[in-house]
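Structure assessment
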Amino acid sequence: MTLACCISFLAGNASVYAQDPSPSTSPTYSPGKNPMYRQGWIDFNKNGKKDVYEDPDEAIDRRVEDLLSQMTLDEKTCQMATLYGYQRVLSDDLPNAGWKKKIWKDGIGAIDEHLNGFVSWGRPVSKNPNVWPASRHAWAINEVQRFFVEETRLGIPTDFTNEGIRGVEAAKATNFPCQLGIGHTWNRELVRQIGRITGREGRLLGYTNIYAPILDVARDQRWGRCEEVYGECPFLVAELGVEMVKGMQDQGQIISTGKHYLGYSNNKGGREGMSRSDPQMSPGEMEFVHVYPWREVIKRANMLGAMVCLNDYNGEPIESSHYWLTERLRGEMGFKGYLVSDSDAVEYMYFKWFTAPDLKDSVRQSVLAGLNVRCTFRSPDSYIQPLRELVKEGKIDEKVIDERVRDILRVKMAAGMFDHPYQSDLAAADKEVNSQENQKYALQASRESLVLLKNDNKTLPLNKKSLKKIAVIGPNADVKSYALLHYGPLDVDVTTVLEGIRNKAEGKATVTYVKGCELVDDNWPNSEIIREPLNEKEQKGIDEAVKVAGENDVVIMVLGGGGRTCGENKSRTSLELPGRQEDLLRAVHATGKPVVLVLINGRPLSINWAQKKIPAILEAWYPGAHGGTAVADVLFGDYNPGGKLTMTFPKTVGQIPFNFPTKVAAQLGHGSGTGPRGNLTLVNGPLYSFGHGLSYTTFHYSDLGISPATIKPGQNATITCTVKNTGDCAGDEVVQLYIRDVLSSVTAYEKVLRGFERIHLKPGESKKLNFTLKPEDLALVNGKGKWVTEPGQFKIMVGTSSDKIKLNGTLTYTDGNQSKAGGDQRETNLSNALIASADEDKAHHVIDRKKETFWPAKSGDYITMTLKENITPQKIGVDWNQGSNADFEIQLSSGGGQFLTVYHGTIHAEKGMEKKTYTFPGMVSSDIRVLITKGKAEVCELHVDGFMGNN
């Protein structure tokens, strides 16, 4: 198409648009001298007068009702479908005369991914001249919008939608790390800035609605789309989601559409795609884990868009669920935007779920459930025509259509599409999209997303002055594709890890690169279950890497995953390094040279051998266009890593489900001892826990404050602590606040994240942090599926990760009525972690730290202490009162009520109190017991590490 044809086109009535002849040289866009464009308003229906819906000074609801009253059924139904853009469904980049014969001659709800450059997975970016530069792209979008404004009867603007989970999906835009990497920054302010940039660049390019953020909460590390979520904790997902939406929708610049509503990520077995079905979870987990982020983001950020997921729940497709789409989302959560379907979610009902006999009934079910707009890679006719038939047949009342269209129009009004349908500042598009100013935030995000998993003997940072020869080895060292995946910028400059290291070492050391092996082997993924010997080519590659490693001072291995192993519809069987990567790592390590492992991947990996043998491991995720620079900055000490894990690293897929938050004792192992003489049958514990992440400096936690110590409904508690940088370099720490319901009507989660803050401290610098806990922050989902805050004690824990708690305290909540639903009084003292067979009222004396109090016992009496999760007790301290003369046993239980004796002893305390410590073979236990088998004794104190009642 010639430039002249691009600028002007015939639209049915042979009118020719007057347009600046060169969009690349004009700083602004003007639709021309069409008389419909008036001073301060637009005559959309071309009737020569200002209708209510055309008046910017009128209330939005009045404008919507006025427009709705003028619409025909054909015009209404056209608003309920999406037209996929150029080279997806739409064959034209710009309008032409043929559009007057298409179904969208009466308008269209949205046009998705138009001219964003994406053609298909694995194919080059579109070379269409309207894809780039930014001003040309905005001009082309305006021209398409002009068709709907000028050439349809009512002039209803279309909503230009696009993807944007790591920056706007365009040929060029600011390129951020994958959303999983962004989650690992734990930085609310940075995430809001990412949202602002994404929204601003999207609007400058001509888009009005961006499909972001993803509010799914990861629950299975095998899932291919782990790379697209913030993490596995609903609180963290909610907090960062709120910031992203606020940034995107800042000053009404663009609409944020979150995805995928609801329960999409709870896919046991990593199932997805056409096998994506029933998420197999309890109603309580659905509420606490998956509903929570949506509720918070809608309430606190007023997100105006939501994408309905492809899955069912409890046998009911979410797409056809009036309960989830209308009663819960709109009625309870207060959602005021419009719902768009994920690809083929409507169609799934008849060709996957078999809950509808045909497409027509799928359309009926979706609309009655609450869907506003169907979006998929099919012609909009396939949805609009059946919809019109359903109304004419009386199977859908037109009042229902009005309600669905009303939501769509309200959002378009709120987003300013009826007041400013065009992106007129073309010069700003060229200046700001992918600008140097925005790159500063992209680099910051890349740096802050990095997590130092291991750093024995201060292997990192590397000494730039002493190193003369550096080997860089691995299939991910010199690749850029991880930064150029779907759903984000597609064709920007990317600094690889190899380039980042070479830039850092220039003039100081030589850098030699060898690939060593491919990302996957020829038989992958079958090689995940059947390992074959290395073939000649593979052995040659590893031998070459070994030779290069031996000739250098240090080896930086860059391994992990990529677009072949992770992504949409790419769940895995294993979590180990794919292909021959571990063979390569082992061979290089065997040279004796210092080895640093850098991981670039989109999900946690079970790198057990590396954790045991490699001294330093840096997790980089998919670190964006500036990833190579950020990684090199960390390796050589120009940046101190401070990211923390938002996903648990299991040691093996055999432990899944294994994630945070988890129920009490859910990951508790049984037995002790390995090999033929032991009885341990499973590998226990995580490789790396939620919240884990190291630094080049150290931090000290102190001065926990809880004020007030008791709160009631409507009253907040302030949690304070002080953190000090006790090392010799500046660094970031992510301070994490966890709570635990001490006694609850249903099983509660072991730890629940309820606060976090990323802080930067210079050496010796301290900062006092303040967290606010509201009564609703203490809530759980009870047996009736309701969110309630039950009266009682809540353990307050502040630490550097979920398994490294530094400060403990107790907060009490009271509502004036201490009775629980079952009628039992809720115990709030710590002695509920003690069970005594006799004299129960005196059992608490063994933990009151008073010499004058004791628990009396005779033959057959016992006292049991409940332990925290994953405790392996190997000793117990007992303070025996004078006069104790007894035989006793120490017993351990791994649950189920069975106790095993691990120690037999005798006590004769004749000359005063005797303090004894008894050691014994340990095993993972839930309880420890002291049993008196003969005589009498008085126990003053018991000392057990891991006792549930200890702060």
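Residues numbered from 1 in each chain as written. Predicted model: local features only at pLDDT ≥ 70, side-chain atom pairs only at ≥ 80, totals over all residues. Heavy atoms only, no water.

**A look at empty space enclosed by the protein**
Enumeration over the complete set of coordinates arrives at six cavities of 30 Å³ or more. Its volume calculated, the largest cavity comes out at about 90 Å³. Around the largest cavity, the lining is made up of 16 residues, and of these Arg 166, Cys 178, Glu 227, Leu 485 and Tyr 622 lie nearest the centre. Of the residues assigned to the lining of the largest cavity, the class counts are nine nonpolar, four polar and three charged. Its boundaries defined by the atoms lining it, the second largest cavity holds a volume of some 50 Å³. Together, Glu 75, Gln 79, Asp 106, Gly 107, Thr 152, Arg 153, Leu 154, Gly 155 and Ile 156 line the second largest cavity. Classifying every residue of the lining of the second largest cavity gives two nonpolar, four polar and three charged. (1 Å grid on protein atoms, 1.4 Å probe; cavity = no way out; pocket = protein on both sides within 12 Å on 5 of 7 lines; lining within 4 Å. Points joined across faces, edges and corners; volume = space filled by probe spheres on them. Nonpolar A, V, L, I, M, F, W, Y, C, P; charged D, E, K, R; others polar.)

**Comments concerning the environment of Leu 680**
Relative to the assigned elements, Leu 680 resides in the loop between helix H20 (627-635) and strand E18 (699-707). Expressed as a C-alpha distance, the spacing of Leu 680 and Thr 512, which sit 168 residues apart in the sequence, is 46 Å. (Helix = DSSP H or I, 4+ residues; strand = E, 2+ residues; numbered from the N terminus.)

**Section: the sheet that holds strand E27 (residues 804-813)**
Pairing is mixed in the open sheet, where five strands are placed in the order E19-E27-E26-E21-E22. The sheet is open, and its two borders are formed by strand E19 (710-711) and strand E22 (752-761), each paired with just one other strand. (Pairing = 2+ DSSP bridges.)

**Some words on the packing of helix H2 (residues 60-70) against helix H13 (residues 398-414)**
For the pair H2 and H13, interaxial distance at closest approach is 9 Å and the crossing angle is 130°. The orientation of H2 relative to H13 falls into the category oblique. In the packing of H2 onto H13, the handedness of the crossing is right-handed. Along the contact surface, H2 presents Ile 60, Asp 61, Arg 63, Val 64, Glu 65, Leu 67 and Leu 68, while H13 presents Asp 402, Val 405, Arg 406, Leu 409, Arg 410, Met 413 and Ala 414. Across the contact of H2 with H13, the residue classes tally to eight nonpolar, no polar and six charged. (Axes fitted to C-alpha atoms, helices over the stretch in contact; angles between N-to-C directions. Parallel < 35°, antiparallel > 145°, perpendicular 65-115°, else oblique. Left-handed = near helix turned anticlockwise from the far one by under 90°. Contact = heavy atoms within 4.5 Å.)

**Focus: the packing of helix H11 (residues 359-369) against H13**
At a closest axis distance of 10 Å, the pairing of H11 and H13 adopts a crossing angle of 65°. Between H11 and H13 lies a crossing of left-handed hand. Residues Val 367, Leu 368 and Ala 369 of H11 pack against Val 400, Ile 401 and Arg 404 of H13. Residue composition of the contact of H11 with H13, by class: five nonpolar, no polar and one charged.

**Some words on the pattern of salt bridges**
Going through the model one piece at a time under the given rule, you end up with 57 salt bridges. Close ionic contact of Asp 74 with Arg 388 constitutes a salt bridge, the shortest N to O distance being 3.2 Å. Here the residue Asp 74 occupies a position in helix H3 (residues 73-78), and Arg 388 occupies one in helix H12 (residues 381-392), the gap between them amounting to 314 residues. Of the charged contacts in the structure, one is a salt bridge between Glu 347 and Arg 374, with a shortest N-O distance of 2.5 Å. A residue pair is termed long-range when its members are at least 10 positions apart, and Glu 347 in the loop between strand E11 (338-341) and helix H10 (348-351) and Arg 374 in the loop between H11 and H12 qualify at 27 residues. According to the relative accessible area criterion, Glu 347 is buried, its value standing at 1%. Residue class for Arg 374 comes out buried when judged on its relative accessible area of 0%. Put simply, Arg 188, Glu 239, Arg 295, Glu 296, Lys 299 and Arg 300 are held in one network by salt bridges that share partners. (Salt bridge = Lys/Arg side-chain N within 4 Å of Asp/Glu carboxyl O. Buried < 20%, exposed > 50% of the residue type's maximum accessible area, 1.4 Å probe, protein only.)

**Comments concerning the packing of aromatic side chains**
Each aromatic ring pair is described using two quantities: the centre-to-centre distance and the angle formed by the ring planes. All told, the structure shown has 32 aromatic pairs when counted by the stated rule. Consider the rings of Phe 147 and Phe 148, whose centres lie 5.1 Å apart with planes at 90°: the pair is edge-to-face. Overall, Phe 147 belongs to the buried group, its relative accessible area being 0%. Their ring planes at 50° and their centres at 5.1 Å tell us that Tyr 903 and Tyr 918 sit as a pair that is tilted. Linking Tyr 903 in strand E33 (residues 899-908) with Tyr 918 in strand E34 (residues 914-919), this pair joins segments that are 15 residues apart in sequence. For Tyr 903, a relative accessible area of 24% puts it in the partly exposed group. Under the relative-accessibility criterion, Tyr 918 is labelled buried at 7%. Taken together, the ring pairs in this structure connect Trp 186, Phe 235, Phe 660, Phe 690, Tyr 738 and Phe 756 into an aromatic cluster. (Phe/Tyr/Trp six-rings, centres within 6.5 Å; stacked < 30°, edge-to-face > 60°.)

**Overview of helix H8 (residues 283-301)**
The α-helix winds at 3.6 residues per turn, so residues separated by three or four positions along the chain end up facing the same way. Taking 1.5 Å per residue as the helical rise, H8 with its 19 residues ought to reach 27 Å, and the 25 Å between its terminal C-alpha atoms agrees with that figure. At Val 291, H8 shows its maximal bend, which comes to roughly 50°, and the proline Pro 293 appears one to four places after that position. Across the 19 residues that make up H8, a large majority, 14, are buried. The first or second residue beyond H8 is Asn 302, which carries a positive phi of 55°. (Expected span 1.5 Å × (residues − 1). Bend = angle between axes of the 7 residues up to and from the residue.)

**What about the confidence of the model for the protein?**
Confidence along the protein averages 92 in pLDDT terms, with 95% of residues attaining 70 or more. Low pLDDT (under 50) marks residues 1-22, which in the prediction has 53 contacts with non-local residues, meaning those over four places away or in another chain. The model gives residues 819-829 a pLDDT under 50, and that stretch makes 22 contacts with residues more than four places away or in other chains. (pLDDT = per-residue confidence, 0-100.)

**Thoughts on the sheet that holds strand E14 (residues 510-514)**
As a general point, the strands of a sheet are linked pairwise by backbone hydrogen bonds and lie either parallel or antiparallel. Taken in spatial order, the six strands make up an open sheet running E12-E17-E16-E15-E13-E14, and their pairing is mixed. The open sheet is flanked by strand E12 (451-455) and E14, the only strands paired with a single partner. Each strand of the sheet is rotated relative to its neighbour by a mean of 20°, with strand direction disregarded. When strand E13 (residues 469-473) meets strand E15 (residues 554-560), the two strands line up parallel, connected through four bridges. When the sheet's bridge partners are listed, Ala 471 is paired in E15 with Val 555. Contacts from helix H16 (residues 497-505) reach E13, E14, E15 and strand E16 (595-600), with the element oriented near 165° to E14. Sheet contacts for helix H18 (residues 581-589): E13, E15 and E16; angle to E15, the most-contacted strand, approximately 170°.

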